[in-house]
Amino acid sequence: MNQGLFSYNNKKSPLHKIPALIKIVFTCGFCFFVFSKFSITKILISGIMALFLWILSKSGFQAFRKLKLVLILGLIFTIFKGLSLKSPFFDFQLAKEGLIYGYNFFITTFVALILFETTTMLEIQNDFMKIPVLNKTKFPMILAITISFFPEIFTTWEEVSLAAKSRKNKNLVSQFSALISCMLQKADTKRKALLSRKIFG
């Protein structure tokens with residue numbers, strides 16, 4: 001059975017054993033590093049770091065297949081970035097900037113994928129509860145639920161896309177409408193669950 005994008009991959013890998021909080025801090029720092037001032041050295045370092053994490057996670061080549069949509073979006077962005085209404089009609093310098101942004105987006109998404117594949121929401125919540133300032137607050141649970149909401153967007157989109165294919169529905173507008181409707185329903189379900197546990201009460 002194929003796992004959804006950003007879904008937890010229950011494997012025994014060195015990366016699974018690393019505390020969730022360390023992985024979250026690293027991922028945030030990695031994103032800041034990648035999107036700061038551009039340099040060829042930074043591209044090489046970020047690529048090597050991402051590949052090293054991929055090896056540690058034992059995710060296999062399936063991780064790359066999951067991000068094919070990100071690659072396509074990056075290429076589309078690069079092409080549109082290079083287009084110009086003036087002569088010449090394609091600006092390679094602007095296209096280069098688009099390609100760099102596409103790479104940054106792909107490599108940070110890839111690292112985020114590894115984070116979610118090797119960390120459960122319960123681990124994130126428990127690690128935040130170990131922080132003395134937060135262990136007596138409702139913040140750890142709220143944060144874990146908020147973080148879990150992002151993978152659910154991609155998982156729900158896959159479900160909607162499969163349902164549309166089975167019905168031979170190629171209308172992207174209706175698919176996006178279904179996605180928004182499903183996400184609103186899930187958000188409301190989580191809101192009711194939180195209220196029943198008196199998280200906000």
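As the structure is a computational prediction, the values presented were derived from the model and not from experiment.

Definitions and cut-offs
Residues numbered from 1 in each chain as written. Predicted model: local features only at pLDDT ≥ 70, side-chain atom pairs only at ≥ 80, totals over all residues. Heavy atoms only, no water. Helix = DSSP H or I, 4+ residues; strand = E, 2+ residues; numbered from the N terminus. Buried < 20%, exposed > 50% of the residue type's maximum accessible area, 1.4 Å probe, protein only. Contact = heavy atoms within 4.5 Å. Areas by Shrake-Rupley, 256 points an atom, 1.4 Å probe, with all protein chains shown as cover. Core = buried A, V, L, I, M, F, W, Y, C linked by side-chain atoms within 4.5 Å. Patch = residues over 30% accessible without salt bridge, like charges linked within 9 Å, V, L, I, M, F, W, Y side chains within 5 Å. Salt bridge = Lys/Arg side-chain N within 4 Å of Asp/Glu carboxyl O. Lys, Arg positive; Asp, Glu negative; His and termini not counted. Charge placed at Lys NZ, Arg CZ, Asp CG, Glu CD.

Asks: What exactly am I supposed to notice about the overall build of the protein here?
Replies: Within the protein, the secondary structure is distributed over eight helices and zero strands. Going from N to C terminus, the protein has its helices and strands arranged as α-α-α-α-α-α-α-α. Relative to its 201 residues, the protein shows a buried fraction of 34%. A separation of at least 24 residues holds for 69% of the contacts in the protein among residues at least 6 apart in sequence. When the accessible surface of the protein is summed, it comes to about 13,300 Å², and 72% of that surface belongs to carbon and sulfur atoms.

Asks: Is there a simple way to think about the nonpolar core in this case?
Replies: One recurring pattern in soluble globular proteins: nonpolar side chains tend to sit buried together. Counting 15 residues, the largest nonpolar core has L67, F110 and I114 as its most contacted members. Only α1 (20-35), α2 (40-57) and α5 (92-117) provide two or more residues apiece to this core. It is α5 that provides the largest number of residues to this core, a total of six residues. Counting five residues, the second-largest nonpolar core is a separate cluster that includes A20, I24, L115 and F128.

Asks: Just checking my understanding: could you explain a positive patch on the surface for this structure?
Replies: There is a patch of like positive charges on the surface, built from K11, K12, K17 and K58. On the secondary structure map, K11 appears in the segment before α1. A residue is classified by how much of its surface remains accessible, and K11, at 36% relative accessible area, is partly exposed.

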